[in-house]
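Letter by letter, the chains look like this.
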Amino acid sequence: MKIIFHGHSCFTIEAEGKSVLIDPFITGNPLAKVDAQELKPDVILLTHGHGDHLGDAISIAKRTGALVIAPNELAVYCQMQGVENVHPMHIGGAYQFDFGKVKLTQALHGSAVIDDKTIQYTGNPCGFLLTMEEKTIYHAGDTGLFGDMELIGRLNQIDAALLPIGDNFVMGIDDAVEAVKMLKPNIVVPMHYDTFEVIKQDPNKFKDKVEDLGFNCRVLQVGEDLII
Ligand code: NI
Ligand code: MN
């Protein structure tokens, strides 16, 4: 399984001959190195409706016909914008797709599509447990620290955890380290930092703290990948 980092919270997961794109914020991301037009996912997972997560999802889905999987209200929103292939889910629910299994986890955050004049709420935000090739990735979405990460860690053998560390809107470094203790993943990849001034962090500080606890951490540069 290949995990490619596109910056912020956006990753492509390649396994079983399929490409799963998570939270494709490419256009407008000052750190992005790929063009949204180059991405050809089979599936798009969306954690919530904020612009730095929904991003280019609708245009990519319309161009490629990719299946969009999201919390119900956000999936319906995408459908209303002309995305034909959507699969609504909600927190706590899992579904076995042809490419793998997806389960939605809670995330302590908001979810809305916001433009100049309006805020359209898009339900609850989520995280994802994605299982392909018998490997499970946990993408936490945007979230603060919550104690039920212990339950997620106990009920799932997590091969890779993708955790926000940017602070301000999501967990900061110290809270993300607490999350690692509960999730007990084989490897941790930090995300959701440096994109904007307000979420500047030194990911190597996080890496050092995670490694001091005896866990593996990999800081991915934008465009870099990790094979697990
Ligand atoms: Ni957000
Ligand atoms: Mn965000």
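In the block above lies the structure referred to throughout.
Description of the structure in this document.

Conventions adopted
- Residues numbered from 1 in each chain as written.
- Chains lettered and ligands numbered in written order.
- Predicted model: local features only at pLDDT ≥ 70, side-chain atom pairs only at ≥ 80, totals over all residues.
- Heavy atoms only, no water.
- Salt bridge = Lys/Arg side-chain N within 4 Å of Asp/Glu carboxyl O.
- Helix = DSSP H or I, 4+ residues; strand = E, 2+ residues; numbered from the N terminus.
- Buried < 20%, exposed > 50% of the residue type's maximum accessible area, 1.4 Å probe, protein only.
- Pairing = 2+ DSSP bridges.
- Contact = heavy atoms within 4.5 Å.
- Axes fitted to C-alpha atoms, helices over the stretch in contact; angles between N-to-C directions.
- Donors = N, O, S within 2.8 Å, 3.2 Å for Na, K, Ca; no water.
- Tetrahedral: all angles 85-135°; square planar, octahedral: opposite > 155°, others 65-115°.

With that out of the way, let us pick up the pattern of salt bridges. Under the defined criterion, the tally for this structure stands at 6 salt bridges. Salt-bridge contacts for Glu150 lead to Arg154; the nearest nitrogen and oxygen are separated by 3.1 Å. In this pair, Glu150 and Arg154 both sit in helix H4 (residues 149-155), 4 residues apart, roughly one turn of the helix. What makes Glu150 partly exposed here is its relative accessible area of 35%. Owing to a relative accessible area of 56%, Arg154 belongs among the exposed residues under this scheme. The shortest N-O distance in the salt bridge between Glu178 and Lys181 comes to 2.8 Å. Pair noted here: Glu178 and Lys181 are both in helix H5 (residues 173-183), with a separation of 3 residues, about one helical turn.

If you walk across this open sheet you meet the 7 strands as E7-E8-E11-E12-E13-E14-E15, and the pairing is mixed. Two strands bound the open sheet, and with one partner strand each, they are strand E7 (94-96) and strand E15 (216-217). Bridge count between strand E13 (residues 160-164) and strand E14 (residues 187-191): 5 bridges; the pairing is parallel. By the bridge assignment for E14, Leu163 is matched with Pro190. In the packing of H5 onto the sheet, the strands contacted are strand E12 (135-139), E13 and E14, and the crossing angle to E13 comes to about 155 degrees.

Protein ligation of the manganese ion (ligand 2) involves Asp52 (OD), His53 (NE2), Asp142 (OD) and His192 (NE2), the donor distances falling in the range 2.1 to 2.3 Å. Ordering the donors of the manganese ion (ligand 2) by residue number gives the pattern D-H-x88-D-x49-H. The distance between the manganese ion (ligand 2) and the nickel ion (ligand 1) is 3.2 Å, with Asp142 acting as a donor to both metals. Of the two residues, Asp52 is situated in helix H1 (residues 51-54) and Asp142 in the loop between E12 and H4; the sequence distance between them amounts to 90 residues. Across the pair, Asp142 and Asp52 agree in class, each one buried.

Every protein donor of the nickel ion (ligand 1) is accounted for by His48 (NE2), His50 (ND1), His109 (NE2) and Asp142 (OD), and the metal-donor separations fall at 2.2 to 2.3 Å. Taken together, the 4 donor atoms coordinating the nickel ion (ligand 1) and their angles of 87 to 178 degrees define a geometry best described as irregular. One chain supplies every donor for the nickel ion (ligand 1), spaced along it as H-x1-H-x58-H-x32-D. Given a relative accessible area of 0%, His48 falls into the buried group.

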